[in-house]
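Observations on the model geometry
Take a look at the letters that make up each chain.
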Amino acid sequence: MNLNKINPFQLIVLALSAIGFIFLILAIINIATLANSNQTNNNQPALTNQSADIVSKNMVSFLADNPIAEPQIKATDPILGPKEAPITIYEYSSLACPSSARMNPLIKEILKLYPDKVKLVWKDLPLDDVYPGAKGAHLALRCAQKQDKFSEYQELLFNNQENFSAENILALAEQIGLNLDDFNACLTDPQTAQLINENITEAESLDIPGTPHFYINSQELLGVSQLEDFQRIIDAELSKEL
């Protein structure tokens, strides 16, 4: 084609044709890209409810290698009441927590009301970040446990929450007749601290938010509760034994 003989109108037509051809090529490329993307997505497995469950379970396994669903009774846990009792109350408490102190007389009353049916398993949860110095009191209580004075010393500590100084901890131990040499040696024994830390780890595994926190067998009871709340659950649990 001789471009010198093309008039301006023909040049415009040629230019528009070229532009149209370019847009057509771009459209074809875009369609091909979209088709390839859809094919890739179709090859991916759909996240059904079942697969979502698997993902969730895998995440739990990854985040917690040994999760526990309910409290555990360890050979070293303080236990009040007959060990063979069918009902177990697990008490996660801080000796510095006022609400835990309020619950202590009620727990003792429950043990008297169900002398052959209920036992209490004590779980240390000092919450030392909330109650500075509380862990020292828990160490002291475990040392009193070693001398078979757990219950007596626990009551003294609950009644002296305003003063967990080393001097007062020692004075309270002397007050109930503990062997002070053994008591002091126990306080610095790393195994005593390990007992506390094991309970703290267990509470964290159970997502226990604060104190007091109770389990009656597998039934949870949070915070300050009434005698009737405990009796309702205990009686329901006992009826299962019939």
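Residues numbered from 1 in each chain as written. Predicted model: local features only at pLDDT ≥ 70, side-chain atom pairs only at ≥ 80, totals over all residues. Heavy atoms only, no water.

What follows concerns the state of the cysteines. Inspection of the entire model under this criterion finds 1 disulfide. Residue pairing for Cys143: its cysteine sulfur links by disulfide to Cys186, the two sulfurs lying 2.2 Å apart. Torsion about the S-S bond of the Cys143 and Cys186 cystine: about -90 degrees, corresponding to left-handed handedness. Here the residue Cys143 occupies a position in helix 4 (residues 134-146), and Cys186 occupies one in helix 7 (residues 180-187), the gap between them amounting to 43 residues. The same class applies to Cys143 and to Cys186, which are both buried. (Disulfide = S-S within 2.5 Å. Helix = DSSP H or I, 4+ residues; strand = E, 2+ residues; numbered from the N terminus. Buried < 20%, exposed > 50% of the residue type's maximum accessible area, 1.4 Å probe, protein only.)

For side chains bearing opposite charge, pairing can occur when the charged atoms are close. Per the counting criterion, the structure on display carries 7 salt bridges. Across the pair Asp124 and Arg142 runs a salt bridge, and its minimum N-O distance is 2.8 Å. With a gap of 18 residues between them, Asp124 in strand 3 (residues 118-124) and Arg142 in helix 4 connect regions that are remote in the sequence. Here Arg232 makes a salt bridge to Asp229, at a shortest N to O gap of 3.5 Å. Here the residue Arg232 and the residue Asp229 both occupy positions in helix 9 (residues 227-241), the gap between them amounting to 3 residues, near one helical turn. Among the ionic contacts, a cluster of salt bridges with common partners joins Lys74, Asp77, Lys123, Asp124, Arg142 and Glu202. (Salt bridge = Lys/Arg side-chain N within 4 Å of Asp/Glu carboxyl O.)

Moving on to the side chain of Ser100. Relative to the elements of secondary structure, Ser100 occurs in helix 3 (residues 98-113). A polar contact is formed between the side chain of Ser100 and the side chain of Ser93, at a distance of 3.2 Å. For Ser100, the contacting residues outside a window of four places in its chain are Ser93, Ser94, Phe158, Thr211 and Pro212. (Polar contact = N/O pair within 3.5 Å; in protein donor to acceptor, adjacent residues only side chain to side chain. Contact = heavy atoms within 4.5 Å.)

Right, let's talk about the packing of helix 5 (residues 150-158) against helix 6 (residues 166-175) for a bit. Remark: helix 5 packs on helix 6, axes separated minimally by 10 Å, with the N-to-C direction vectors making an angle of 140 degrees. Between helix 5 and helix 6, the angle falls in the class oblique. The element helix 5 and its partner helix 6 pack so that their crossing is right-handed. Residues Tyr153, Leu156 and Leu157 of helix 5 touch helix 6, and the partners they reach there are Ile169, Leu172, Ala173 and Gln175. In the contact of helix 5 with helix 6, the residues fall into 6 nonpolar, 1 polar and no charged. (Axes fitted to C-alpha atoms, helices over the stretch in contact; angles between N-to-C directions. Parallel < 35°, antiparallel > 145°, perpendicular 65-115°, else oblique. Left-handed = near helix turned anticlockwise from the far one by under 90°. Nonpolar A, V, L, I, M, F, W, Y, C, P; charged D, E, K, R; others polar.)

Inspection of every chain in the model, using the stated rule, returns 5 aromatic pairs. Between Trp122 and Phe158, the aromatic rings sit 6.4 Å apart at their centres with planes inclined by 75 degrees, giving edge-to-face as the arrangement. Of the two residues, Trp122 is situated in strand 3 and Phe158 in helix 5; the sequence distance between them amounts to 36 residues. Members of the aromatic cluster, each reached through a chain of ring pairs, are Trp122, Phe150 and Phe158. (Phe/Tyr/Trp six-rings, centres within 6.5 Å; stacked < 30°, edge-to-face > 60°.)

If you walk across this open sheet you meet the 5 strands as 1-3-2-4-5, and the pairing is mixed. Because the sheet does not close on itself, it has two edges, and the strands there are strand 1 (79-80) and strand 5 (219-222). Direction of pairing for strand 4 (residues 213-216) relative to strand 5: antiparallel, over a ladder of 4 bridges. The residue bridging His213 from the neighbouring strand is Leu222, located in strand 5. Lying over the sheet, helix 8 (residues 190-205) contacts strand 2 (87-93) and strand 3, oriented at roughly 100 degrees with respect to strand 3. (Pairing = 2+ DSSP bridges.)

Take the pairing of strand 4 next. Of the two faces of strand 4, the one holding His213 and Tyr215 and the one holding Phe214 and Ile216 are both buried throughout. Summarising the sheet, strand 2 and strand 4 pair through 4 bridges and their orientation is antiparallel. Residue pairing in the sheet places Ile89 in a bridge with Ile216 of strand 4. Taking the residues between adjacent antiparallel strands as the criterion, strand 4 and strand 5 are bridged by 2 residues, where Asn217 takes a positive phi near 55 degrees.

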